[in-house]
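One-letter residues, chain by chain:
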Amino acid sequence: MTAPRRLRLGAFMRPVSIHTGAWRYPGAWPDANFNFAAYKHFARTLERGKFDALFLADHMAVLNMPTEALKRSHTVTSFEPLTLLSALSTVTERLGLIATASTTYNEPYHVARKFASLDHISGGRAGWNLVTTANPDAALNFGHDEHMAHGERYKRAREFFDVVTGLWDSWADDAFVRDAGSGVFFDPDRLHVLNHKGPELSVRGPLNIARPVQGWPVVVQAGSSEAGRQIAAETAEAVFSAPSTLADGQRFYADVKGRMDRLGRDRDSLKILPGCFVVVGETLAGAREKRALLDSLVHYDSAVASLSVALGVDASRFDPDGPLPEIPETESSKSGRERAIALARRENLTVRQLAQRLGGYAGLAMVGTPASIADAMEEWLATDACDGFNVMFPYLPGGLEEFVDHVVPELQRRGLFRREYEGATLRENLGLPRPANRFFPPRP
């Protein structure tokens, strides 16, 4: 008899709440994005709720917004994510620790070494969110005058993945014999020098750290563009998607899993986790009041700047009370642009209305009671729209605590979510296999 499917739950922090008004909400911790004591509380609360992972976004530049908008942002500063997750690994035991690292503005050796280190420090709980970076201003911080073109970024990302995972396989699992009697610390025959020379990258290797505890840290992909879907189907073990409706989720799920079928990959080797903004109330009306209050805290200067980022063009020159004009393609995020345009067309929104939605959060939201939220999550899981969710909390710590204290028990009561962690590593808890070393098959 096949075991029933259960939800996988990540917590998406950017670097705290994704909602622009979150820091202003009554009872919220305004300085949480730069407060390690606050992060410890969040991580421990997530682990109490048996979450699979804490997922930290990263910014390679201050958000590309006018100062009048930027001054209202609580994400203007944040910790470097791998430094933060290494520290959080010492105050947690089972929670997965996933961080974003850009393939456009990093080198493969740096990424491979940092995530291998986090995996060892945490006892096998690291995950790498492979992204290409959408913010064009990041180029200016790394010696470039222009952002790399979208197609070129994804070509580099695909090769980058091969190099990083090849570096993680530099050492056989049994390479370090540490024989004090003979004075031999490692077996040279169990060391592989990568010597990668490709169209985008040249990396000799080997990595100067032992193979990660998990073999490889879990590889996560974010993005819904054509290129993003293909690289996810080829390489990812978890996908952070951004559908707005159940039907969108079902289409994305079928598309990516279908690509895996054609590549000969096991469908269960990749978990699709839509981002979901969750507001919990004792009643539906109460939850809606919370959302309305939260949205009211977003200033229009910030809202229109968020719209500009999503579209990749300056939206402040548009008529606020007119329809969204035709938007040209840019080298910014393709999927973000498409979602914003689709929302405006679907709901016939003015520029002002669209900006207010994007200035808060315009994606998938579940606003209601613990039971109604559990109903919705169960429907998504049962109809092949997801394998779980990357939950986004409306404000902290209250929104996180309400989810853990009320929604998690309801999911557990229905048999949809674990009561205890299955293992010690992120792979074990996600039900993912440990990858074999491509250079060193197991000894007979």
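Relevant structure appears above.
To start, this report covers the structure provided alongside it.

Glancing now at the overall build of the protein. Along the backbone of the protein there are 14 helices and 11 strands. Here the C-alpha atoms of the protein give a radius of gyration of 22 Å, agreeing with the 22 Å that 2.2 N^0.38 yields for 444 residues. Taken along the three principal axes of its C-alpha coordinates, the protein extends 75 × 55 × 45 Å. Of all 444 residues assigned to the protein, the portion counted as buried reaches 55%. Taking as baseline every contact in the protein between residues at least 6 positions apart, the subset at least 24 positions apart corresponds to 78%. On the protein, roughly 18700 Å² of surface is accessible, and the fraction owed to carbon and sulfur atoms is 52%. In the protein, 51 positive and 54 negative side-chain charges are present, and the distance between their average locations comes to 2 Å.

Okay, the side chain of H19 next. As for its placement among the helices and strands, H19 is situated in the loop between β1 (8-13) and α1 (36-48). At 2.8 Å, the side chain of H19 and the side chain of D295 are in polar contact. Sequence-distant contacts of H19, defined by excluding residues within four places in its chain, comprise H74, F277, L294, D295, V298, G360, Y361 and P394.

Moving on to unusual backbone geometry. Residues apart from glycine generally show negative phi values, whereas peptide bonds are mostly found in trans. Between R14 and P15 the backbone carries a cis peptide bond, its omega angle lying at -15 degrees. As for its placement among the helices and strands, P15 is situated in the loop between β1 and α1. Within the chain, K50 stands out as a residue other than glycine whose phi angle is a positive 60 degrees. Following the sequence through the fold, K50 ends up in the loop between α1 and β2 (53-56). Judged by relative accessible area, K50 falls into the buried class, the value being 18%.

The biggest cluster of nonpolar side chains holds 71 residues, and the ones touching the most others in it are F51, W128, W168, M377, F389, F393 and F403. When residues of this core are assigned to their parent elements, the largest contribution, eight residues, is made by helix α5 (residues 150-168). Beyond its immediate sequence surroundings of up to four residues, M377 is in contact with L7, V278, M366, F389, V391, F403 and L411. Within the second largest apolar cluster, 22 residues are counted, among which are F12, V279, L294 and Y395.

This next bit is on helix α4 (residues 108-122). The end-to-end C-alpha separation of α4 is 21 Å, in line with the 21 Å expected for 15 residues at 1.5 Å each. Along α4, the residues that are buried comprise P108, V111, A112, F115, A116, L118, D119 and S122. Along the axis of α4, the buried positions cluster into a sector of 160 degrees, meaning they face one direction only. Elements in contact with the buried residues of α4: α3 (81-89), β3 (96-102), β4 (126-131), α5 and β6 (202-203). Of the residues one or two after α4, G123 is the one with positive phi, at around 75 degrees.

The subject of this paragraph is the packing of aromatic side chains. Scanning the entire structure with this criterion turns up 21 aromatic pairs. Taken together, W29, F34, Y39, F42 and F79 form an aromatic cluster joined through their ring pairs.

Within a regular beta strand, the side chains point alternately toward one face of the sheet and then the other, so they alternate between its two faces. Counted residue by residue, strand β9 (residues 271-280) has 10 buried out of 10 residues, so it is predominantly covered. Of the two faces of β9, the one carrying K271, L273, G275, F277 and V279 and the one carrying I272, P274, C276, V278 and V280 are both buried. In terms of strand pairing, strand β8 (residues 238-241) meets β9 through four bridges, oriented parallel. Bridge assignment links S241 to a residue of β9, and that residue is P274. Taken together, β8, helix α7 (residues 246-263) and β9 constitute a β-α-β crossover, and its handedness is right-handed. Two strands pair when backbone bridges link them, and β9 and strand β11 (residues 388-392) are joined in this way by three bridges, in the parallel orientation.

Moving on, we get to the state of the cysteines. Within this structure, the stated rule accounts for zero disulfides. Sulfur of C276: no disulfide; nearest cysteine sulfur belongs to C386 and is 9.0 Å away.

Relative to the 18 Å expected for 13 residues at 1.5 Å per residue, α1 spans 18 Å between its end C-alpha atoms, a close match to the ideal helical length. If you check which residues of α1 are buried, you get A38, Y39, F42, A43, T45, L46 and E47. Looking at the buried residues of α1, the elements they touch are β1, β2, α3 and α13 (398-413). Structurally, the start of α1 carries an N-cap: the backbone nitrogen of A37 is 3.0 Å from a side-chain oxygen of N35. Looking at the residues trailing α1, positive phi occurs at K50, about 60 degrees.

Before going further, it helps to examine the pairing of β4. β4 sits mainly inside the fold: six of its six residues count as buried. Inspection of the sheet shows β3 paired to β4 by six bridges, in the parallel sense. Within the sheet, the bridge partner assigned to L97 lies in β4 and is A126. Note on the crossover from β3 through α4 to β4: the handedness is right-handed.

Contact geometry for α4 and α5: axes closest at 9 Å, N-to-C directions at 45 degrees. Relative to α5, the element α4 is oriented oblique. Note on packing geometry: the crossing formed by α4 with α5 is right-handed. Contacts between α4 and α5 involve P108, Y109, V111, A112, F115 and A116 from the first element and F160, V163, V164, L167 and W168 from the second.

Before going further, it helps to examine the environment of F277. For F277, the position within the fold is in strand β9. A residue is classified by how much of its surface remains accessible, and F277, at 0% relative accessible area, is buried. The contact partners of F277, leaving out residues within four places of it in the chain, are I18, H19, R291, L294, Y361, L364, A365, M366, M392, F393 and P394.

What counts as what
Residues numbered from 1 in each chain as written. Predicted model: local features only at pLDDT ≥ 70, side-chain atom pairs only at ≥ 80, totals over all residues. Heavy atoms only, no water. Helix = DSSP H or I, 4+ residues; strand = E, 2+ residues; numbered from the N terminus. Rg over C-alpha atoms; globule rule 2.2 N^0.38 Å. Buried < 20%, exposed > 50% of the residue type's maximum accessible area, 1.4 Å probe, protein only. Contact = heavy atoms within 4.5 Å. Areas by Shrake-Rupley, 256 points an atom, 1.4 Å probe, with all protein chains shown as cover. Lys, Arg positive; Asp, Glu negative; His and termini not counted. Charge placed at Lys NZ, Arg CZ, Asp CG, Glu CD. Polar contact = N/O pair within 3.5 Å; in protein donor to acceptor, adjacent residues only side chain to side chain. Core = buried A, V, L, I, M, F, W, Y, C linked by side-chain atoms within 4.5 Å. Expected span 1.5 Å × (residues − 1). Arc of directions from axis to C-beta. Phe/Tyr/Trp six-rings, centres within 6.5 Å; stacked < 30°, edge-to-face > 60°. Pairing = 2+ DSSP bridges. Right-handed = clockwise from strand over helix to strand, strands pointing away. Disulfide = S-S within 2.5 Å. Axes fitted to C-alpha atoms, helices over the stretch in contact; angles between N-to-C directions. Parallel < 35°, antiparallel > 145°, perpendicular 65-115°, else oblique. Left-handed = near helix turned anticlockwise from the far one by under 90°.

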